[in-house]
Amino acid sequence: MKAYDKINARLITALENGENVWRKTWQSVKDYGMPHNLATGRNYSGANAVLLGMQDDVTCQAWTTYKGAVKLGGNVKLGAKGTTVFFWQFKDIKDKATGIVKNVPFIKTYVVFNALRDCEGLEDKLKGASEVEPSNPSEALGGYLERESINLTHTGNSAFYSPSNDSITMPHEQAFENSGYYNAVLAHEIIHSTGHTSRLKRLDKQAAFGSSSYAFEELVAEIGACYLCAQMNIEPDFNQSAAYLKGWASKLKENQNWFTSAGSKANKALQFIQGE
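Below, the structure is looked at part by part. Throughout, residues of each chain are indexed from 1 in the direction in which the sequence is written. Under the rules for a predicted model, residues below a pLDDT of 70 receive no local features and side-chain atom pairs below 80 are neither given nor counted, while totals for whole chains, interfaces and linings still include all residues. Working from all heavy atoms in the structure, the side-chain values ignore hydrogens and water.

1. Points about the packing of helix H5 (residues 179-193) against helix H6 (residues 212-231)
Phase 1 of the analysis: One way to put it is that H5 packs onto H6 with a least axis distance of 8 Å and a crossing angle of 125°. Looking at the two axes, H5 sits oblique to H6. Here the hand of the crossing between H5 and H6 comes out right-handed. For the pair formed by H5 and H6, the contact residues are Ala 184, Ala 187, His 188, Ile 190, Ile 191 and His 192 on the first element and Glu 217, Glu 218, Val 220, Ala 221, Glu 222, Gly 224, Ala 225, Leu 228 and Cys 229 on the second.
Phase 2 of the analysis: For this classification, Asp, Glu, Lys and Arg are treated as charged, while Ala, Val, Leu, Ile, Met, Phe, Trp, Tyr, Cys and Pro are nonpolar and the rest, including Gly, are polar. Here the contact of H5 with H6 is built from residues that sort into nine nonpolar, three polar and three charged. Between N-to-C directions, angles cover 0 to 180 degrees, with each direction set by a line fitted to C-alpha atoms, over the stretch in contact for helices. Counting from the N terminus, the helices are the DSSP runs of H or I reaching at least four residues and the strands are the DSSP runs of E reaching at least two. Note that the term roughly parallel is reserved for angles under 35 degrees, roughly antiparallel for angles over 145, roughly perpendicular for angles of 65 to 115, and oblique for everything else. When the near helix sits turned anticlockwise from the far one by under a right angle, the crossing is termed left-handed; a clockwise turn instead gives a right-handed crossing. Note on contacts: a residue pair qualifies if any of its non-hydrogen atoms lie within 4.5 Å across the two residues.

Take a look at the structure:
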């Protein structure tokens, strides 16, 4: 049995067990804790803290208004959508009819932006920014990125490949449990990049999240990541991969030949990365 056949067999076994729970293998390394104002450090409270803290696509809990970002030397990213927060203010109002002064409450609203997700130029203002060490992809992955001129950016709390920009965004390596998990996640995104129209032309621009095309590409990327890990002498975490793919279990059951087909495309992606 070939090495890749063994990998496929172990993945299928892990999938069939069905008891795996996917977990994110990285965490924030910057400015977490309670949602707070970046400039003053003051924590938001009440409903505002809930509105800001419940957003799971952020890597820090520092927030700022548009003017605040500019004042700190940064800016809000084009197209960024802020979150509205509100504060109660009280003002003495004299009743014209009775002459009695009443302390009347007013709601004042502000739109705030996350210092990392929505803004640029503010990283050096975050607590712990100076503690983040440089991220170092494995030589095999770094060589491919350089050869294909794919921009790799380390920021935020999400890992993804953008076909429109032909770029990969990753959390800092320091945020991961170990370098193996960092390279495994990066390998997954790199497999996606091989499907670009300038390479293997595998990506479907019309594929919506949850669709069969989207699910199939995720299968290709995860199998390919396992192949790449084996090439880098990193033991693939088959339970983690199976848990990730469990979200697409219904699609896999509907398409029994997917695994074989995805394995073939993953192998072509691997060969492309290796320059074969």
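2. Quick notes on the sheet that holds strand E4 (residues 83-94)
Phase 1 of the analysis: If DSSP finds at least two bridges between two strands, the strands pair. Strand order in the open sheet made by the four strands is E1-E2-E5-E4, with mixed pairing throughout. Strands with a single pairing partner mark the edges of an open sheet, and in this sheet they are strand E1 (36-37) and E4.
Phase 2 of the analysis: Relative to strand E5 (residues 101-114), strand E2 (residues 62-64) runs antiparallel, the two sharing two bridges. Bridge pairing in E5 places Thr 64 opposite Phe 113.

3. Some thoughts on the pattern of salt bridges
Phase 1 of the analysis: The term salt bridge refers to a side-chain nitrogen of Lys or Arg lying within 4 Å of a carboxyl oxygen of Asp or Glu. According to the stated counting rule, one finds five salt bridges in the structure shown.
Phase 2 of the analysis: For the salt bridge of Glu 148 with Arg 147, the shortest nitrogen-to-oxygen distance reads 3.1 Å.
Phase 3 of the analysis: Summary of the burial criterion: residues with accessible area below 20% of their type's maximum are buried, those above 50% are exposed, and those between are partly exposed, where the area comes from a 1.4 Å probe applied to protein chains only. Residue Arg 147 is classed as partly exposed on the basis of its relative accessible area, which comes to 40%.
Phase 4 of the analysis: Residues participating in the shared-partner salt-bridge network are Arg 147, Glu 148, Asp 166 and Arg 199.

4. Describing the pairing of strand E7 (residues 151-154)
Phase 1 of the analysis: Because side chains alternate across E7, one face comprises the buried residues Leu 152 and His 154, and the other comprises Asn 151 and Thr 153, none of which is buried.
Phase 2 of the analysis: Here four bridges tie E7 to strand E9 (residues 167-170), and the two strands are oriented parallel to one another. Its bridge partner lying in E9, Asn 151 is registered against Ser 167.

5. Points about the packing of aromatic side chains
Phase 1 of the analysis: Here is the rule: rings of Phe, Tyr and Trp (six-membered ring for Trp) pair when centre to centre is within 6.5 Å. Planes less than 30 degrees apart are stacked, more than 60 are edge-to-face, and the remainder are tilted. On inspection of all chains with the given rule, the structure shows four aromatic pairs.
Phase 2 of the analysis: Ring geometry for Phe 87 and Tyr 110: centres 5.8 Å apart, planes at 70°, overall edge-to-face. Note that Phe 87 is positioned in strand E4 and Tyr 110 in strand E5, a separation of 23 residues in sequence.
Phase 3 of the analysis: Note on Tyr 110: relative accessible area 34%, which makes it partly exposed.
Phase 4 of the analysis: Taken together, a centroid distance of 5.6 Å and an interplanar angle of 75° make the contact between Phe 176 and Tyr 182 edge-to-face.
Phase 5 of the analysis: Classification of Tyr 182 as buried rests on a relative accessible area of 0%.
Phase 6 of the analysis: One aromatic cluster in this structure is built from Tyr 44, Phe 87 and Tyr 110.

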